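# Coordinates in review
The residues making up each chain are set out below.
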Amino acid sequence: MKLPIINHKDYFAKIGDDHRFPINKFGELADYLLKKKLVKSFYTPYPCSDETLKRVHCEKYIKHVKNKTLDEKSVKKIGFPLVDSVVKRSLVATGGTVLASKLAINYGLACNTAGGSHHANFYGGAGYCVFNDVAVAAQYLLDRGLAGKILILDLDVHQGNGSADIFKDNRNVFTFSMHSKTNYPAKKSTSDLDVDLNDNMEDQDYLKILKFYMKQLNDENFDFVFYIAGVDIHFNDRLGKLKISDDGIRARDEVVTENFFSRGIPLCGVLGGGYNKDAKKLIELHSYLHQSCAKLV
């Protein structure tokens, strides 16, 4: 069996050639996975419906995004121009994580080639995140009785503040964020479990801390996991403050995916952040998530 992987041509959006967000990475990652024979063909998602989005985002905000009528301050907070391709991309990438979550239930593991927009909260977007795809998919599973106790395991270098805010009063979703203490957002939210990491941390300490908390998380009876596998923890990342090597990221992804797969807990993997100075290296690092899952199924 091949690992189910989700991709859509509209994961690309026209945000301008000089934009610091590496928007080309989604298509390039898809090409890389095909070349590596990790996948023969991708599952193609539909844009996420308003009904599904409304469960975690304010209806007014959704309308403003779709009509491109968001005020200037809100658009600036997101960091993308509010153009048709960005709107389309936000809806399709969110639909991609919903689809991946359903496939993970069937196959044990599934991955999106986008997703992890964890700074968006109920009222709006922020930090290159329009809709919080993981929160939308988690609520979708709960609403349909497809999961009862969900873990959002967020290992992006930035705190998953939007997910923490959305689920702060929801006992069926446990938010775990292990992130750089001094990085964005300046004002952190309160996850169910936050692990603040010191600047310039290297592989050995990072993996030791991760394994310690994984043991604690294994004592909870989660029946579904969303894994935000941000590679902005890499030493060469423009927006990261940690010093994790290629091998460290590969080891991290293997620790996480093997842990839950061996326990029979479905896992949906999404990309999270990555702003590596070397575009080719960025694609390779993001592919470690898909490679570690493909080895297991």
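Preceding block: the structure.
Notes on the structure follow. (Residues numbered from 1 in each chain as written. Predicted model: local features only at pLDDT ≥ 70, side-chain atom pairs only at ≥ 80, totals over all residues. Heavy atoms only, no water.)

## Observations concerning the side chain of H57
With respect to the helices, strands and loops of the structure, H57 is situated in the loop between α2 (50-53) and α3 (59-67). Among the polar contacts listed, one links the side chain of H57 to the backbone oxygen of N121, at a separation of 2.9 Å. Excluding anything up to four places from it in sequence, H57 contacts I62, A120, N121, F122, V130, F131, N132 and V136. (Helix = DSSP H or I, 4+ residues; strand = E, 2+ residues; numbered from the N terminus. Polar contact = N/O pair within 3.5 Å; in protein donor to acceptor, adjacent residues only side chain to side chain. Contact = heavy atoms within 4.5 Å.)

## Brief notes about helix α5 (residues 84-107)
Look at α5: 34 Å from first C-alpha to last across 24 residues, which is about the 34 Å you get at 1.5 Å a residue. Phi turns positive, to about 90 degrees, at G108, one or two residues after α5. (Expected span 1.5 Å × (residues − 1).)

## Looking at the environment of L103
Position of L103 among the secondary structure elements: in helix α5. L103 sits in the buried class, given a relative accessible area of 8%. Remark: the alpha-carbon pair of L103 and N259, spanning 156 residues in sequence, is separated by 19 Å. If sequence neighbours within four positions are ignored, L103 has contacts with P4, I6, Y43, G108, L109 and A110. (Buried < 20%, exposed > 50% of the residue type's maximum accessible area, 1.4 Å probe, protein only.)

## Comments concerning the pattern of salt bridges
Here the structure, examined in full by the defined rule, presents 11 salt bridges. Among the salt bridges present, the one from K54 reaches E51, with a minimum N-O distance of 3.0 Å. Note that K281 is salt-bridged to E284, the shortest N-O span being 3.3 Å. Here K281 pairs with E284, and both are found in helix α10 (residues 279-294), just 3 residues apart, close to one helical turn. (Salt bridge = Lys/Arg side-chain N within 4 Å of Asp/Glu carboxyl O.)

## Structural notes on the packing of aromatic side chains
Scanning the model with the defined rule gives 13 aromatic pairs in all. Ring plane angle 45 degrees and centroid distance 6.3 Å describe the contact between Y128 and Y275, whose orientation is recorded as tilted. Taken together, the positions of Y128 in the loop between β2 (109-112) and α6 (133-143) and Y275 in the loop between β7 (267-270) and α10 put the pair 147 residues apart, joining distant regions of the chain. Residue Y275 is classed as buried on the basis of its relative accessible area of 7%. Residues F224 and F226 carry aromatic rings whose centres are separated by 4.9 Å and whose planes lie at 50 degrees to one another, so their mutual orientation is tilted. An identical accessibility class is assigned to F224 and F226; each is buried. One aromatic cluster in this structure is built from Y11, F21, F26, F80, Y128 and Y275. Positioned over the ring face of Y275 is K25, at 5.8 Å from the centre of the ring. One Lys or Arg, K149, reaches over the ring of F222 and ends 5.4 Å from the middle of that ring. (Phe/Tyr/Trp six-rings, centres within 6.5 Å; stacked < 30°, edge-to-face > 60°. Lys NZ or Arg CZ within 6 Å of the ring centre and 35° of its normal.)

Just geometry here; none of it tells us what the structure is for.
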